[in-house]
Amino acid sequence: MKSTSSEIEKKRSKNIQEVSSTHFDALIIGGGINGAVSALALRTHGVNVALFEKNDFASGVSQESSNLVWGGFKYLESYELKLVMGLCHSRNRLARAYPSRLVEKRFLAALDSSSPFAPWFATMGANAYWGIGQFATKRPRYRSARTIKRLEPSIREDNLIGGIEYSDHLIVDNDSRFVIQMIVDAAERGASVGNYMTVLDAEYLKKKWHLKVRDEVLDKEFETTSNVLVNTAGPEVSKICNMSNTKTESNLVFSKGVHLIVPRVTDSGRILAFFDGTQRLFYVIPMGECSVIGTTDERVKQHEVSVNGDDIDFLLTEANRKLSLPKPLLPEDIISERVGVRPLVVPKGGVDHDKDWTELSRRHEVESDRRYRMISVLGGKLSDCLNVGEEVVSSLEDLGYKTSKPSTRWYGEPSKAEKSIFFHTARKNSIEDDMIKKLWRRHGSRSFEVIENISEDRITGDNLSEKIDYCPAEISVMKNHEFIYDSEDLLRRRTLIGQTVSPSQLEKDPGFVSLLDLLEK
Ligand SMILES: Cc1cc2nc3c(=O)[nH]c(=O)nc-3n(C[C@H](O)[C@H](O)[C@H](O)COP(=O)(O)OP(=O)(O)OC[C@H]3O[C@@H](n4cnc5c(N)ncnc54)[C@H](O)[C@@H]3O)c2cc1C
């Protein structure tokens, strides 16, 4: 059981009371990206919906990605044109809808004599990718070995034969924050959402789903009902099927992926891409003041995974082979680690031989079961989340439910008009432009509240420390709206602090004690 204040207890008890006395149109199990986007899409289409997550929101696979919103350039290798077209379309929609949370990044793919493609061929591929992506990003460019060395001195020269520069998008503040913002948006539009709420049992009786749920914070069990059940339990989709006596037609297999966070490798802001010794692409991706190196791709049987010595050895050896740093990266340079499994879909009747598993499509499947009124989401990516949301709404309609068309776009950051009012208000409060942009990106409409706090007490607008670039005014707004129950929720998932500052540095940081005090207040 988590430590709680009486205020939290009151809030959660009230929530339990409301949820257990409501019959919902749809109940969602799982608060990763698929659950988040389903909750937002259903709610904005007039559906009375609740979402339960057994841990913190976005604490499953959705906090372990590469933080990329991309059109799947590498799937052109296996000629999956339809998949790339769909992903590019989804990427472009997301980038237009979240112009501050997503940023276009240049990727520099450096090729050497052992790479599977010659630079001229990679350039052709990059141009095709740009075209498939409707020319929505900056145009790709061929780069000679000499230019690469000038642009990125940290890239090793040995055997370098040239490369390409092309664009995709990066989630600036972390995958998990992106997901949680979506859940908070759904809650503000009337969805009931609860983290630390485990669905223990699901039974379909007399055309209703009956769920038994445990509130892990209060250590209390309760029941609730709905017409439809939405299974977005990520790698645990089949566990929910077993619990509810249902089946999906497609199945999942898992591929483990590890990222290591190390001190910053390049100041250019570019994402560096290389082929590793197994001819797979790996990346060096910016994260705050650090770089993220990854990823591995290893078939595993279980979804519970951890980083081992071989993973660290593999990633550091590959990075040191491709980078020329003042000193090679060593295990003691690792600030933090990320590890999770990609849930890959094996379609109905599809083969699952060990040899072709890497070829499995990275496409998602949204299945609906008329008999049990169940919708299951298998696989998927952050990049493709809007399609998942819309397919879940269509599946609900196919099950015979009427939804209502939202009067405005169902996803995305607040409107341009609201943004310009915020910028105007913040400037009137003498807040600097960099801070205004950061607040808007991090908090959207809730940044008005941050400004109110700062105008009441200017000192709450100062960052807690150099490494903790959050001010008390923001922390208090996050505490009020973002379902934070302990410091890990804030450090690992709502901010980048827990990944870019090592525990020993954090302990010494003067702002850390103040941060903990603010959370406990
Ligand atoms: C290494 C790696 C790199 C990746 N990189 C990218 C990338 O750059 N871009 C991209 O778009 N995608 C990427 N992906 C893919 C993407 O991250 C995942 O496909 C996506 O996050 C899966 O989301 P999900 O909602 O299905 O699962 P999850 O995020 O795992 O959510 C499922 C949730 O269900 C909850 N749950 C399970 N059982 C219960 C229960 N009984 N009661 C309540 N809750 C329950 C779990 O706790 C979990 O939080 C990457 C994945 C990996 C592993």
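Residues numbered from 1 in each chain as written. Predicted model: local features only at pLDDT ≥ 70, side-chain atom pairs only at ≥ 80, totals over all residues. Heavy atoms only, no water.

Focus on the nonpolar core
Judged by nonpolar contacts, the single largest core of 45 residues is most densely connected at Leu42 and Met182. If you list the elements that add at least two residues to this core, you get β1 (23–29), α2 (33–44), β2 (49–52), α3 (81–97), α6 (175–188), β10 (220–231), β18 (374–378) and α9 (385–398). Domain assignment of the residues forming this core places at least three in each of domain 1 (6–62 + 176–249 + 358–398) and domain 2 (96–172 + 253–348). When residues no more than four places from it in sequence are discounted, the contact partners of Leu42 are Ala26, Ile28, Val47, Val49, Val230, Val392, Val393 and Leu396. In this structure, Trp70, Ile164, Ile335 and Leu496 belong to the second largest nonpolar core, which totals 31 residues. (Core = buried A, V, L, I, M, F, W, Y, C linked by side-chain atoms within 4.5 Å. Buried < 20%, exposed > 50% of the residue type's maximum accessible area, 1.4 Å probe, protein only. Helix = DSSP H or I, 4+ residues; strand = E, 2+ residues; numbered from the N terminus. Domains from an automatic or database assignment. Contact = heavy atoms within 4.5 Å.)

Quick word on the pairing of strand β17 (residues 365–369)
In the sheet, β17 pairs with β18 via five bridges, with the strands oriented antiparallel. When the bridges of β18 are listed, Asp369 appears paired with Met374. Here β17 hands over to β18 after four residues, with Arg373 in that stretch at a positive phi of 50°. (Pairing = 2+ DSSP bridges.)

Looking at the site of the ligand
Surveying the vicinity of the ligand reveals 39 residues, the closest of which are Glu53, Ser62, Leu68, Gly380 and Ser383. With respect to the ligand, the side chain of Asn34 contributes an N or O atom lying 2.9 Å from an oxygen atom. Separating a nitrogen atom of the ligand from a backbone N or O atom of Lys54 is a distance of 3.1 Å. Summarising the interface, the protein chains cover 96% of the accessible area of the ligand, which totals 1,000 Å² for the free molecule. Mapped onto the shell around the ligand, the elements with two or more residues apiece are α2, β8 (197–205), β11 (251–263) and β16 (336–346). Built from parts of two domains, the shell around the ligand gets at least three residues from each of domain 1 (6–62 + 176–249 + 358–398) and domain 2 (96–172 + 253–348). (Near = heavy atom within 4 Å. Polar contact = N/O pair within 3.5 Å; in protein donor to acceptor, adjacent residues only side chain to side chain. Areas by Shrake-Rupley, 256 points an atom, 1.4 Å probe, with all protein chains shown as cover.)

Some remarks on the packing of helix α12 (residues 447–456) against helix α13 (residues 472–481)
Two elements in contact, α12 and α13, have axes whose closest approach is 8 Å; the angle formed by their N-to-C orientations is 135°. Comparing the axis directions of α12 and α13 gives the class oblique. Seen from above, α12 lies across α13 with right-handed handedness. Facing Glu449, Val450, Asn453 and Ile454 of α12, the residues of α13 in contact are Ala473, Glu474, Ser476, Val477, Asn480 and His481. Here the contact of α12 with α13 is built from residues that sort into four nonpolar, four polar and two charged. (Axes fitted to C-alpha atoms, helices over the stretch in contact; angles between N-to-C directions. Parallel < 35°, antiparallel > 145°, perpendicular 65-115°, else oblique. Left-handed = near helix turned anticlockwise from the far one by under 90°. Nonpolar A, V, L, I, M, F, W, Y, C, P; charged D, E, K, R; others polar.)

Let's talk about the domain arrangement of the protein chain
Per the domain assignment, the segments of the protein chain are domain 1 (6–62 + 176–249 + 358–398), domain 2 (96–172 + 253–348) and domain 3 (416–520). Computed over C-alpha atoms, the centres of domain 1 and domain 2 are 33 Å apart. Each partner contributes residues to the interface: domain 1 has 17 residues there, and domain 2 has 16 residues. Summed over both partners, the interface of domain 1 with domain 2 comes to about 1,600 Å²; 67% of that surface belongs to carbon and sulfur atoms. Across the contact surface, domain 1 and domain 2 share zero salt bridges. The interface formed by domain 1 and domain 2 holds zero residue pairs in polar contact (both at pLDDT 80 or more) in total. Sort the elements by how many residues they give to the side of domain 1 that touches domain 2 and α6 lands first, with four residues. For the side of domain 1 that touches domain 2, a count of residues per class yields six nonpolar, four polar and seven charged. (Buried area = accessible area lost by both parts, 1.4 Å probe. Salt bridge = Lys/Arg side-chain N within 4 Å of Asp/Glu carboxyl O.)

So, the packing of aromatic side chains
Counting across every chain of the model gives 21 aromatic pairs. Centroid distance Phe52 to Phe222: 6.2 Å. Interplanar angle 65°. Geometry classified as edge-to-face. Taken together, the positions of Phe52 in strand β2 and Phe222 in strand β10 put the pair 170 residues apart, joining distant regions of the chain. Judged by relative accessible area, Phe52 falls into the buried class, the value being 3%. (Phe/Tyr/Trp six-rings, centres within 6.5 Å; stacked < 30°, edge-to-face > 60°.)

Focus on α12
Those residues of α12 that fall on the buried side of the exposure criterion are Ser447, Val450, Ile451 and Ile454. On an axial view of α12, the arc spanned by its buried residues comes to 95°, and they lie on one face. For α12, the elements touching its buried residues are α10 (416–428), α11 (433–443) and α13. (Arc of directions from axis to C-beta.)

Some details on the pairing of strand β13 (residues 281–287)
The side chains of a regular strand alternate, residue by residue, between the two faces of the sheet. With respect to burial, β13 is a largely interior element, six of its seven residues being buried. Counting the residues in the hairpin turn of strand β12 (residues 271–275) and β13 gives five residues, including Gln279, whose phi is positive at 65°. Looking at chain direction, β13 and strand β14 (residues 290–294) are connected through five bridges and run antiparallel. Each residue of the ladder has a partner; that of Val284, found in β14, is Ile293.

Considering unusual backbone geometry
Backbone torsion omega between Gly294 and Thr295 reads 10°, so that peptide bond is classified as cis. Structurally, the position occupied by Thr295 is in the loop between β14 and β15 (298–300). You will see that Asn245, though not glycine, has its phi angle at about 60°, which is positive. Position of Asn245 relative to the elements: it lies in the loop between α7 (237–244) and β11.

As for the pattern of salt bridges
Applying the stated criterion across every chain, the model contains 34 salt bridges. Arg446 is the partner of Glu188 in a salt bridge, and the nearest nitrogen-oxygen pair spans 3.0 Å. With Glu188 in helix α6 and Arg446 in the loop between α11 and α12, this pair connects stretches of sequence that are 258 residues apart. A relative accessible area of 6% places Arg446 in the buried class. The salt bridge partner of Lys256 is Asp311, with a shortest N-O separation of 2.8 Å.

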